[in-house]
Amino acid sequence: LYPDFPIKLPFLDTQAYRIESNEKGQENLVFQDGNDKKNYCYPQEDVYKDIDQWIEEEPFNISKGIYIYGVGLGYHFDRLQEWLEKDPGHFLVFIEDDLCVFKKILEREQGTKLLEHPQVEILYLSDFSIIKKWASELSWLFVSHHICFTALPYYQKNKEENTELL
């Protein structure tokens, strides 16, 4: 949505964003806020916990597209690759509003996989005032398809208003 954002990436200060491993050796993206509070992108005890639970509950057999608010470290993609492979008409769209998170995923091999996958899109959306128009237009493109939506746990908790708009 904003073609100039790649120009901004090299100049972003991502010191407040880092990767930490849990006891299982799983990596998690951690945001340090102004009060030195750690905010984890995924549940610290198991980064796949919420994703696996969501996958069990969601009726994927009728879904053609999945929208995910927050790209994080791309763990949803890990779990949804088999679903993507089942049908070339399936698609996965990550919506990200934090360029620092975007930069972190692009520094990793997972970011390359996401960018190169023909059924995956990553959208940068910095202005949520356009979301209603954007969502309306998008819904007409896929009017005959069942679409799923979810958000990373951190986004559901800390970006409630944007999650509800989406």
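Everything below is about the structure printed above this text.
This structure is a prediction, so every number in the text was calculated from the model and none was measured.

A. Looking closely at the packing of aromatic side chains. For the coordinates displayed, the defined rule picks out 4 aromatic pairs. Judged by centre distance (5.2 Å) and plane angle (80 degrees), the ring pair of Tyr-17 and Phe-31 falls under edge-to-face. With Tyr-17 in strand 1 (residues 17-21) and Phe-31 in strand 2 (residues 27-32), this residue pair connects regions lying 14 residues apart in the sequence. Considered together, Tyr-17 and Phe-31 belong to a single accessibility category, that of buried residues. With a centroid separation of 5.9 Å and 80 degrees between ring planes, the pair formed by Tyr-67 and Phe-91 is classed as edge-to-face. With Tyr-67 in strand 4 (residues 63-69) and Phe-91 in strand 5 (residues 91-96), the pair connects residues that are 24 residues apart, well separated along the chain. An aromatic cluster is built from Tyr-42, Tyr-48 and Tyr-75, whose rings are joined through pairwise contacts. The ring of Tyr-48 is capped by Arg-79, whose NZ or CZ atom sits 3.7 Å from the centre of that ring.

B. Inspection of the pattern of salt bridges at higher detail. Taken as a whole, this structure holds 9 salt bridges when the rule is applied. The salt bridge partner of Arg-108 is Glu-27, with a shortest N-O separation of 2.3 Å. With Arg-108 in the loop between helix 4 (99-106) and helix 5 (109-116) and Glu-27 in strand 2, this residue pair connects regions lying 81 residues apart in the sequence. Of the charged contacts in the structure, one is a salt bridge between Lys-49 and Glu-45, with a shortest N-O distance of 3.3 Å. Its relative accessible area of 41% is what places Lys-49 among the partly exposed residues. What makes Glu-45 partly exposed here is its relative accessible area of 47%.

Reading the values: the criteria
Residues numbered from 1 in each chain as written. Predicted model: local features only at pLDDT ≥ 70, side-chain atom pairs only at ≥ 80, totals over all residues. Heavy atoms only, no water. Phe/Tyr/Trp six-rings, centres within 6.5 Å; stacked < 30°, edge-to-face > 60°. Helix = DSSP H or I, 4+ residues; strand = E, 2+ residues; numbered from the N terminus. Buried < 20%, exposed > 50% of the residue type's maximum accessible area, 1.4 Å probe, protein only. Lys NZ or Arg CZ within 6 Å of the ring centre and 35° of its normal. Salt bridge = Lys/Arg side-chain N within 4 Å of Asp/Glu carboxyl O.

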